[in-house]
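# Descriptive structure summary
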Amino acid sequence: MEEELKCPVCGSLFKEPILLPCSHNVCLACAKSISVHTPDGEPPVQQSRASASSDYDYLLDVDKMSLYSETDSGYGSYTPCQLKSPNGVRVFPPSSAAAAQRLCSLTCPLCHRSVSLDERGLRSLPRNRLLEAIVARYQQHRAASAAASSSGAPKCQLCDRNPVDAAVMCEQCDVFYCNACQQRCHPSRGPLAKHRLVAPSGSQQQPGQAATGQPPATPRKPATCVEHEAENFVMFCCSCRAPVCTKCMEEGRHSKHDIKPLALMWKQHKCQLSQALNGVSDKAKDAKEFLVQLKNMLQQIQESGVEFEACLVAQCDSLIEALTRQKAKLLTKVTKEKEYKLKVARDQITHCTIKLRQTTGMMEYCLEVLKENDPSGFLQISDALIKRVTSSQDQWVKGNLEAKVGPEFHLTLNTDSLLQTILQLDFCQGKGKRLDTPALRVTVDTSMGKYKLMFIVTGAFQKMQMHFRDLQVIHIDTRVCHCDVVFPDVQESPLLKQMQQAAAGNGEDDTVTESPGVETGPSVPPAPLLQLEKCCSRNNSATLAWRVTAPQANPIEGYILELDDGNGGQYREVYVGKETVCTVDGLHFNSSYNTRVKAYNAVGVGPYSKTVVLRTSDVAWFTFDPTSAHRDIVLSNENQTVSCNSYDDRVVLGTAAFSKGVHYWEVCIDRYDNHPDPAFGIARINTVKDMMLGKDDKAWAMYVDNNRSWFMHNNSHTNRAEGGITKGSTVGVLLDLIKHTLTFFVNKEQHGPTAFESLEGVFMPAVSLNRNVQVTLSTGLELPKSRKQ
């Protein structure tokens, strides 16, 4: 409210405020400083001008007034910008005695509307006694508050230690200064020279002031008429919208106006103001609630951004890993081809070398025979030699002198389409069209008693998002067979609505059969039959298989698989495509999911199948994740035992991620040398992995040595507890996402109080250790019984 009580010219609280015709107020002294004396013969500015043109009229008046020379009637040159008040409003110097007799005009510093004053000058403007009384009450309240807070004189607000009594107060800055701080922080020069420094209100006590520091209340004088100073206001002129006295009604210009009692109009206007305030109060309440929503939205945006970034990184890592695996396969093919060519070439070189050696030896022998001069001896062996030479010549035919393999590799890898797809990788903004082939195929490897998921992308990334647009992925990692999902509040997908609208547009007279709201008809597919012998659940994954009982005239274009939220809520689409087997991962542990499937073709959507209930595992089975671990981490024992090659701490995560339920796992200390500080706990997927667990804001851990332990998060160490670990000890981690707490155990006993509370989001098991420690992970355990409630 203080801003409403400050003069727009001087910036201080109003002193003797007067009310301008535009309903704005200025101090009487400030009004004198900004009033302008108009020259003789200049027409006065009409008060009825519209406020939209008042600025332009004001400038025209300034231009007219500047035309008068200094010799005209002693008026002097007009320099409106030479002086300014502390609030930036133009202040005119006092007029000369020669101009004192001329008429005055006053321009409102807020709306710039001009008003011409009569011969009475500023006395013709009414004094705002109501505002003056409010300012007086405000000053009393502020003085009382300052006295109560400081128990005496107000202190300097800029002193660092032991503030002394304030010497002055700046009305514009609203700050108390001692002499030293005023000279240092608020010098009387430059822009601050225009600020008004006054004595602090709490340090002065007027005569007759009460012991509490408040001046005694004085009765307010009734307002008197401006034209008839001896008369009080008793009536209200509705035409002029101003209070009037009795003489004004009888003698003045209000004699023929609409006059009403002052008390009646007072009550009526108070009622109108109260009603208007109620409306403004409701709007202010709505604005406060909206502001709270915006502030809450900031936190939600931050959290959603972090989760979505983690999702994006995991998805891109999955694509990169798939490309790396395919690269390894292609390199294997190239290596095999190269080894085959080398083997064929080496064999051919060996064979040719032997033949060439034999031919060369035979040629040398024949040359020696030709040197002999004995005809009878020559003729005895010549026939045999001729046959040998002819046979040897036949061996070196053209086919034997050609390479069986060439240096070229007749393998062509066309990456243009894949590269174009990667370059077009973007977030899906539209609804998109249905694909004829599934964009994401899930296969399951049940080797070693664990599920391993493989995602095969058969279309562009944005198409994959279109197929799974109703499945908001919070965290997905194809390497660890886990993804957390959130089902949005949508009853049907845009694809289903589009197909139903298309069927309705074709004029098909479909009838409702099994499920309300589903279009069926003679040509739509029948309800698929779920194959119960192939439907199963493992850990937090669910696998479903189905088939169609009979062939259809119109071929089936795809299937729509739906699951509820695990709490008996509404069904949500989780898969759309041609496959008849699907595995959905990342479900909540210890939950029952209802599932159903339906088929569709060009005509419409068929009825739902029977509902099947699948229950996920009560506890989680997982191992350490080699793909996300630091390069110094060494895993063995089917990724259940971990050690390190570095003297520095390195982090390894588990293959499971949790967002709901209660989970417990233990780590056994296999080797413990030189009293290191291994850390155990939970972390986000993007936690820093080259330092101790818990040093960043994405991990919550307990690090422990042979004597004591500490809890650590964001490099903050808390709750030191006595008791450590040795070789053979077990450290248990209890993550309760129902109570949102994290508790640690050493050798089956709770170690210290509850370590962390208010945990929200997706968490993964985590361990950090160096080369002096080796641990083994144990999962699928029952909850400890020694928990402290």
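Heads up: the structure comes first, above all this text.
Attention here is on the structure that accompanies the text. (Residues numbered from 1 in each chain as written. Predicted model: local features only at pLDDT ≥ 70, side-chain atom pairs only at ≥ 80, totals over all residues. Heavy atoms only, no water.)

Once that is clear, we can look at the overall build of the protein chain. Along the protein chain, the regular secondary structure elements total 10 helices and 36 strands. Out of the 789 residues belonging to the protein chain, those deemed buried represent 39%. In the protein chain, once contacts between residues fewer than 6 apart in sequence are set aside, the share between residues at least 24 apart is 60%. Counting every atom, the protein chain has about 45,700 Å² of accessible surface; 53% of that belongs to carbon and sulfur. (Helix = DSSP H or I, 4+ residues; strand = E, 2+ residues; numbered from the N terminus. Buried < 20%, exposed > 50% of the residue type's maximum accessible area, 1.4 Å probe, protein only. Contact = heavy atoms within 4.5 Å. Areas by Shrake-Rupley, 256 points an atom, 1.4 Å probe, with all protein chains shown as cover.)

With that settled, consider the pattern of salt bridges. By the definition in use, this model includes 15 salt bridges. Where Glu-368 meets Lys-371, a salt bridge forms, and the shortest distance between an N and an O atom there is 3.5 Å. Given the relative accessible area of 46%, Glu-368 is considered partly exposed. Between Glu-722 and Arg-720 there is a salt bridge whose closest N-O contact spans 3.4 Å. Within the structure, one salt-bridge network assembled from shared partners comprises Glu-562, Arg-596 and Lys-598. (Salt bridge = Lys/Arg side-chain N within 4 Å of Asp/Glu carboxyl O.)

With that out of the way, let us pick up the environment of Asp-618. By the secondary structure assignment, Asp-618 is in the loop between strand S23 (612–615) and strand S24 (633–636). In this structure Asp-618 comes out as partly exposed when scored by relative accessible area, which is 48%. On a C-alpha basis, the gap between Asp-618 and Phe-589 in space is 5.8 Å, while along the polypeptide they are 29 residues apart.

A word on the sheet that holds strand S34 (residues 749–750). The 7 strands lie next to each other as S24-S25-S36-S27-S32-S33-S34, forming an open sheet whose pairing is antiparallel. On the outer flanks of this sheet lie S24 and S34, each paired with one strand and no other. Here 6 bridges tie strand S27 (residues 662–672) to strand S36 (residues 773–778), and the two strands are oriented antiparallel to one another. Within the sheet, the bridge partner assigned to Val-667 lies in S36 and is Leu-777. (Pairing = 2+ DSSP bridges.)

To continue, consider the nonpolar core. If you look at the biggest cluster of nonpolar residues, it comprises 38 residues, and the most contacted ones within it are Phe-658, Phe-680, Leu-735, Leu-742 and Val-775. Of all elements in the fold, only strand S25 (641–644), S27, strand S28 (679–683), strand S29 (699–704), strand S32 (730–736), strand S33 (741–746), strand S35 (764–769) and S36 reach the threshold of two or more residues within this core. For this core, the leading source of residues is S27, giving 4 residues. With 24 residues, the next largest nonpolar core counts Leu-5, Leu-20, Cys-30 and Tyr-138 among its residues. (Core = buried A, V, L, I, M, F, W, Y, C linked by side-chain atoms within 4.5 Å.)

This brings us to the environment of Ala-553. Mapped onto the fold, Ala-553 is located in the loop between strand S18 (541–547) and strand S19 (558–563). Separated by 29 residues in the primary sequence, Ala-553 and Val-524 place their C-alpha atoms 9.3 Å from one another.

A few words on the pairing of S33. The element S33 is largely enclosed, with a buried count of 6 among its 6 residues. Burial along S33 is two-sided: the residues Thr-741, Thr-743 and Phe-745 and Leu-742, Phe-744 and Val-746 are all buried. If you look at the hairpin formed by S32 and S33, you'll find 4 residues sitting between the two strands, and His-740 has a positive phi there, around 60 degrees. Where S33 and S34 come together, 2 bridges link them in antiparallel fashion. Looking across to S34, one finds that Val-746 is bridged to Glu-749. Hairpin remark: S33 followed by S34, antiparallel, with 2 residues in the connecting loop; positive phi at Asn-747, about 55 degrees.

Right, let's talk about the pairing of strand S5 (residues 114–117) for a bit. Consecutive side chains of a regular strand alternate in pointing toward one face of the sheet and then the other. Summarising the sheet, strand S4 (residues 104–107) and S5 pair through 4 bridges and their orientation is antiparallel. Residue pairing in the sheet places Thr-107 in a bridge with Ser-114 of S5. Remark: 6 residues form the turn of the hairpin made by S4 and S5, two consecutive strands paired antiparallel; His-112 in that turn has positive phi of roughly 65 degrees.

A grouping of Phe-290, Leu-291, Leu-294, Met-297 and Ile-301 is seen on the molecular surface, where their side chains present a nonpolar patch of about 460 Å² in accessible area. Mapped onto the fold, Leu-291 is located in helix H6 (residues 262–370). (Patch = residues over 30% accessible without salt bridge, like charges linked within 9 Å, V, L, I, M, F, W, Y side chains within 5 Å.)

This part is about unusual backbone geometry. At His-675, a residue that is not glycine, the phi angle is positive and equals roughly 55 degrees. Topologically, His-675 is positioned in the loop between S27 and S28. On the basis of relative accessible area, His-675 is assigned to the exposed category, the value being 53%. Although it is not a glycine, Asn-714 sits at a positive phi angle of roughly 55 degrees. As for its position among the elements, Asn-714 is in the loop between strand S30 (708–713) and strand S31 (716–722).

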